[in-house]
Amino acid sequence: MAPDALSSSPSQSKSRPRLELSNISSTLLIPLAARAFGDAMFPTFAAGDAQAASAVQRLACDLRPFLRDKASVFGVLSRTRIFRQLADNFFERFPNALGANLGCGMACYFQWLDRHSNRWLDADMPQVMRLRKRLLPTSSQRHQDAEIDLTAAGWWQQLGLPVRDGGEPTLLLCEGVLMYLDAGQVAHFLHEFGQNAPAGSELLCDSLSWLSIGCAALHPSVSHTHAEFKWGPKRMADFTAPHPRLVLHSEHPVMEAYDFSTALACSTFRALWGVPAYGIVRLGVRD
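Residues numbered from 1 in each chain as written. Predicted model: local features only at pLDDT ≥ 70, side-chain atom pairs only at ≥ 80, totals over all residues. Heavy atoms only, no water.

**A few points about the overall build of the protein**
- When helices and strands are counted, the protein shows 10 helices and 7 strands.
- By the compact-globule yardstick of 19 Å for 287 residues, the protein fits well, its C-alpha radius of gyration being 18 Å.
- Along the longest, intermediate and shortest principal axes, the C-alpha atoms of the protein span 55 × 45 × 35 Å.
- When contacts within the protein are restricted to residue pairs at least 6 apart in sequence, those whose partners lie at least 24 apart make up 75%.
- Total accessible area computed for the protein in this model is approximately 12,600 Å², and 53% of it derives from carbon and sulfur atoms.
- For the protein, the centre of its 27 positive side-chain charges and the centre of its 27 negative side-chain charges are spaced 3 Å apart. (Helix = DSSP H or I, 4+ residues; strand = E, 2+ residues; numbered from the N terminus. Rg over C-alpha atoms; globule rule 2.2 N^0.38 Å. Contact = heavy atoms within 4.5 Å. Areas by Shrake-Rupley, 256 points an atom, 1.4 Å probe, with all protein chains shown as cover. Lys, Arg positive; Asp, Glu negative; His and termini not counted. Charge placed at Lys NZ, Arg CZ, Asp CG, Glu CD.)

And the structure:
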């Protein structure tokens, strides 16, 4: 499908779901566009996302502005690859475990991570899940959807995630979420994970550095959504400070393979500021 297919005639749009999303929720359009059309732009990082390609055909929205930002398209494909590899590693160790994508948007990681023994949960705000239900209905009894507000207390229990004592290790994926929460909300989210997750559980999340706070209008893709960057780590210890059980297992750069100048800028930024400009972190919990 060519990018021109992203615009639809008035008669076509009448039968397609209209967007009723908040500024933050509308950022889901950025990875949706990248996964649906980015493979042709960056074939060596192709996601092969059949679900995204199918969803955009049924969505009454012009996604072409997001494809003009090639760096963001690459970033989505790169982080998708990293998330998939880290999740695969987790399910190698725990093949029957539950994985949950918190703030899932229109992402469909279970199409790649289904081992026919594990389970998956996609969760987001009600307005997002209503749209998702129309565009991406679940296709397996081991795959469920849920509505959740990650800034509210007790979201772990509300989702029915495994209990800390005796529960099976759980994989949480949180993509494109933390940078839109304020510092208190991020600390609360990380505390919930540290307080409730069974031993062996992991949280995979991406983050922008603190220097991006308040600068979303300068981002070629995010500026179209009017969302704002509100949080970023000043030090890597910010990820583990909210709870004593939290441990940082690894961090992974996202943009270094884009081109030589970007790789140099990313490594220089990390050396100067002690945090990645944009990266993925893998957190765990102690016994």
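**Comments concerning the packing of helix H2 (residues 29-37) against helix H3 (residues 50-57)**
- Two elements in contact, H2 and H3, have axes whose closest approach is 8 Å; the angle formed by their N-to-C orientations is 110°. The angle between H2 and H3 places the two elements in the roughly perpendicular class. With respect to the hand of their crossing, H2 and H3 are arranged in left-handed fashion. Of the residues in H3, those touching H2 at Leu32, Arg35, Ala36 and Phe37 are Ala52, Ala53, Ala55 and Val56.
- A class-by-class count of the residues in the contact of H2 with H3 yields 7 nonpolar, no polar and 1 charged. (Axes fitted to C-alpha atoms, helices over the stretch in contact; angles between N-to-C directions. Parallel < 35°, antiparallel > 145°, perpendicular 65-115°, else oblique. Left-handed = near helix turned anticlockwise from the far one by under 90°. Nonpolar A, V, L, I, M, F, W, Y, C, P; charged D, E, K, R; others polar.)

**Considerations on unusual backbone geometry**
- Despite not being glycine, His116 shows a phi value in the positive range, around 70°.
- Relative to the elements of secondary structure, His116 occurs in the loop between helix H6 (110-113) and strand S2 (119-124).
- Positioned with a positive phi, His226 is a non-glycine residue whose angle comes to about 65°.
- By the secondary structure assignment, His226 is in the loop between strand S5 (202-208) and strand S6 (246-253).

**Let's talk about the environment of Met179**
- Residue placement: Met179 occurs in the loop between strand S4 (170-174) and helix H9 (183-196).
- Look at Met179 and you get buried, because its relative accessible area is 4%.
- Expressed as a C-alpha distance, the spacing of Met179 and Gln141, which sit 38 residues apart in the sequence, is 32 Å.
- Excluding residues that lie within four positions of it along the chain, Met179 makes contacts with Asp206, Ser207, Leu208, Glu228, Phe229, Lys230, Trp231 and Tyr278. (Buried < 20%, exposed > 50% of the residue type's maximum accessible area, 1.4 Å probe, protein only.)

**Topic: the pairing of strand S1 (residues 98-102)**
- Most of S1 is tucked away: 5 of the 5 residues are buried.
- Neither face of S1 is exposed, since Leu98, Ala100 and Leu102 on one face and Gly99 and Asn101 on the opposite face are all buried.
- The sheet contact formed by S1 and S2 spans 5 bridges and is parallel. Each bridged residue has a counterpart across the sheet, and for Gly99 the counterpart in S2 is Trp120.
- Bridge analysis of S1 against S4 gives 4 bridges, and the strand direction is parallel. Note that in S4 the partner of Gly99 across the bridge is Leu171. (Pairing = 2+ DSSP bridges.)

**Here we look at the packing of H2 against helix H5 (residues 70-93)**
- The interhelical angle for the contact between H2 and H5, taken along N-to-C directions, is 80°, at an axis separation of 9 Å. Comparing their axes, H5 and H2 come out roughly perpendicular. Mapping the contact onto sequence places Ile30, Pro31, Ala34 and Arg35 in H2 and Val73, Val76, Leu77, Arg79 and Thr80 in H5.
- A breakdown of the residues in the contact of H2 with H5 according to their chemical character gives 6 nonpolar, 1 polar and 2 charged.

These values are about where atoms sit, not about what they do.
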